[in-house]
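Chain residues, written in single-letter form:
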Amino acid sequence: MKKALALLLLLLPLLALCAQEARDPLQYEIWVTLDPAQKMLLGRETIRWTNTTRDTVPDICFHLYWNAFKNEKSALMAEALREEPSGTFHGDTRVRDGDWGWIDVEKIGLADGTDLTRAMQFMAGGDAGADDQTVMRVKLPAPLAPGETVALELAFKAKIPRTVRRSGYYHNGYFLGQWFPKPGVYEEGKGWNCHPYHLNSEFFADFADFVVHITTPREYVVGASGRETASRSDGARGVMTRTFRQSRVHDFAWTADSDYIRIERDFIADREVSAQEYREIAATLRLPLAEVRLPDVKMILLLNPEHRGQAERHFKALRAAIKYYGLWYGPYPYETVTMVDPPFRSGSGGMEYPTLFTAGTRVLPSPQENSPEMVIIHEFGHGYWYGLAASNEFEEAWLDEGLNTYSTGKVLAKAYGPGALPLVVAGIPLARYSGSFKYADEELDRMAAVHAATLDPVLTPSWRFSSSLSYGMNVYMRAATNLRTLENLIGKEAMLRVMRAFQTRFRFRHPTTGDFIATASEVSGRDLGWFFEEFFSGSNHWDYSVERATSQKSGVARGVFDREGKKVEVTRKQARDQERRDKKPVYVTRVRVRRLGEARPGPGVRLKVLTVFADGARKIEHWDGQERWIEFTYTGGSKVKYAQVDPDAVFLIDRDLSNNSYVAKARPAAALRWSGKLLFWLQNLLQFAASFS
């Protein structure tokens, strides 16, 4: 007993050290009070930041995101006005007089009482305008050595904007994201990665432990990141203070509305996933059964009263998301997830934060549409590709948006199948009257992707895209279409293993595109660098076509021939007579395939070319696609019926699928070509219209 006690005493310091190292290097405790009358937040914040790098750090840089809503000189507002001079952008309402928002750090200092308020300065310039105030630098009294921790105390106040960029208020409903002073990410050897708030960019931050105390009027229903661990009512003041805690997340958002209906359900893994499903996914992923099992999750829904009848529809979609994201990409690691039906006209629908996201529906949703299901699945999915594998969305937005758009399509297809187009006129969903016309997400993604290819590379920093339209089509739709093409190249099972490996290896880290390429190449066993260079770093069209496919009867050749030492002439009449005597005509078929775009396959990749003959015979060729054109010649007893390049539709990023095949008969071929082009443009018109729903 004494030996065991002595051993325990020896191990205690080591156990304490391990426990300390297990904590995130950043800890927050925040006290915030909502003042609905003045539309203000009043807050105090303590931050402990540990220098985990080998650098000596002289300062700390903070994001003050709400200063983007302070005036038209901010980077975000200036970019919005350049893109749309009327002041309306991204579905947000125009900022009217009196509706501006801002955040002020009134005081900052060390926990020992050292005042650093005079050391604050805004960091304008660089990729922001000279008047932008969304990044603040504070110089420390002494540089922070590797392994050292600084404890800071801040006092701040913020004017809540009438909703703009998905944060703010509408009447008595509030959705509050990016509302507190937040350090950037310190990158070893580079310094602080702390970009201004741009029009097209989202966010990047370090994983942290959060304890947040939220005080609101007592009648408000509050939802937040993490789990509620305590509440305290102050009857004299008519307020309620709720405490939320969550570790290993890199952001914290909350919402408050007196109209919310709060509903809870449980995701019980044993009810949602069968033993057979576990066995199948474990075999596909080549993992032990224990590694694919899912935990139970508490699901919380904050719903507007007018949408009360849609509660189970919301929960059904969330169950599907928890199940398939969990089975495919790794178990959801948190105890709770809160789904918010955002306040009416708050403009805060379709937004993700760790363990909390907003959906978005209508009073009259169509049963034929996969909406609000698509939004629910997509925003929950961000909890994986933005929340867990926390890439830098300022610089490489596709690692969240593209991966998640691809994943959303997979879950929707598995759980729901095709849905009707989400077209709405005067609040009436036209899908109710569109009959059986259905589409899959990947079809709309492809249509946008082929138009986006020459606008900008996918790998463009968010603020450098030529427009918001280019940003959206490239980092969402084109990136997702590229990933589906990659899946076709390496196979569905290999692609699933790539996605699972990337997600689990880089959970609670900050992966880059290079990390994804390395993971994909390793897991697939193929060098895929060319693929990402061509389709993510490049901006060239991929377009291969069958230029023509013709068959000509091989007649008897006329002319003078050497036969048995004599010169013999075959005349026209002799040739015709011989052709009449031949019972089995011979045809020469020529198929020409042309590369119309600048994008090309990489080493070892071949384009399949299929030629089908009238008698049912088939010829398959494989071409490296490097030259501008190639011609295949066949001799046989049957005419060509049609020819097709990439008949298996591996390369979904092909700009014009209508020219991939050529039907031999002239008139039907022309009709098919023109009808194909008409359908192509009609589909794109519908895609454009759908973007306004």
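Every value quoted in this text rests on a predicted model; they were computed, and no experiment measured them. (Residues numbered from 1 in each chain as written. Predicted model: local features only at pLDDT ≥ 70, side-chain atom pairs only at ≥ 80, totals over all residues. Heavy atoms only, no water.)

## Structural notes on the overall build of the protein chain
Convention followed: Only runs of H or I of at least four residues qualify as helices and only runs of E of at least two qualify as strands under DSSP, and these elements are numbered from the N terminus. With a 1.4 Å probe rolled over the protein chains alone, any residue whose accessible area is under 20% of its type maximum counts as buried; one over 50% counts as exposed, and the rest are partly exposed. A contact between two residues is defined here by any heavy atoms of the two lying within 4.5 Å.
Of regular secondary structure, the protein chain possesses 15 helices and 33 strands. Within the protein chain, the fraction of its 693 residues that count as buried is 53%. Sequence-distant contacts in the protein chain: of pairs separated by 6 or more residues, those separated by 24 or more amount to 74%.

## Observations concerning unusual backbone geometry
Despite not being glycine, Arg248 has its phi angle at roughly 55 degrees, a positive value. With respect to the secondary-structure elements, Arg248 resides in strand β16 (residues 239-249). In this structure, Arg286 is a non-glycine residue whose phi angle is positive, near 60 degrees. Locating Arg286 in the fold gives a position in the loop between α4 (275-285) and α5 (289-292). Given a relative accessible area of 64%, Arg286 falls into the exposed group.

## A closer look at the packing of α4 against helix α11 (residues 492-505)
For the record, the criterion: Here an angle of 0 to 180 degrees is reported between the N-to-C directions of two axes, which are lines fitted to C-alpha atoms, with helices fitted over the stretch in contact. Roughly parallel refers to an angle under 35 degrees, roughly antiparallel to one over 145, roughly perpendicular to one between 65 and 115, and oblique to any angle outside these ranges. Each residue receives one of three labels: charged for Asp, Glu, Lys and Arg, nonpolar for Ala, Val, Leu, Ile, Met, Phe, Trp, Tyr, Cys and Pro, and polar for the others, Gly being one of them.
Across the interface, α4 lies against α11 with an axial gap of 9 Å and an inter-helix angle of 85 degrees. Of the possible angle classes, the one that applies to α4 and α11 is roughly perpendicular. Only Glu493, Leu496, Arg497 and Arg500 of α11 make contact with α4, whose side of the interface consists of Ile281, Thr284 and Leu285. The class makeup of the residues in the contact of α4 with α11 is three nonpolar, one polar and three charged.

## Notes on the pairing of strand β15 (residues 227-234)
Regular strands place side chains that alternate from one sheet face to the opposite one. What counts, and what does not: When DSSP finds at least two bridges between two strands, those strands are taken to pair.
Both β15 and β16 contribute to a ladder of seven bridges, which runs antiparallel. Counted as the bridge partner of Glu228 is Phe244 from β16. Counting the residues between successive antiparallel strands, the hairpin from β15 to β16 contains four residues, one of them, Gly238, with a positive phi of roughly 70 degrees.

## Some thoughts on the pairing of strand β17 (residues 254-257)
A two-sided burial pattern is seen for β17, the buried positions comprising Trp254 and Ala256 on one face and Thr255 and Asp257 on the other. Inspection of the sheet shows strand β9 (residues 173-176) paired to β17 by four bridges, in the antiparallel sense. Along β17, the bridge assignment pairs Tyr174 with Ala256. Of the pairings in the sheet, the one linking strand β14 (residues 221-224) to β17 comprises four bridges and is antiparallel in character. Across the sheet, Val221 pairs through a bridge with Asp257, a residue of β17.

## Digging into the sheet that holds strand β6 (residues 135-144)
If you walk across this open sheet you meet the four strands as β5-β6-β3-β10, and the pairing is antiparallel. At either margin of the open sheet sits one strand with a lone partner, and together these are β5 (120-122) and β10 (182-183). Strand direction decides the pairing type here: strand β3 (residues 57-63) and β10, joined by two bridges, are antiparallel. Looking at the pairing, Phe62 lines up with Pro183 of β10.

## A closer look at the side chain of Ser348
Relative to the elements of secondary structure, Ser348 occurs in the loop between β20 (336-340) and β21 (352-353). Ignoring any residue separated from it by four or fewer positions in sequence, one finds Ser348 in contact with Thr163, Arg166, Phe175, Pro342, Pro343 and Thr358.

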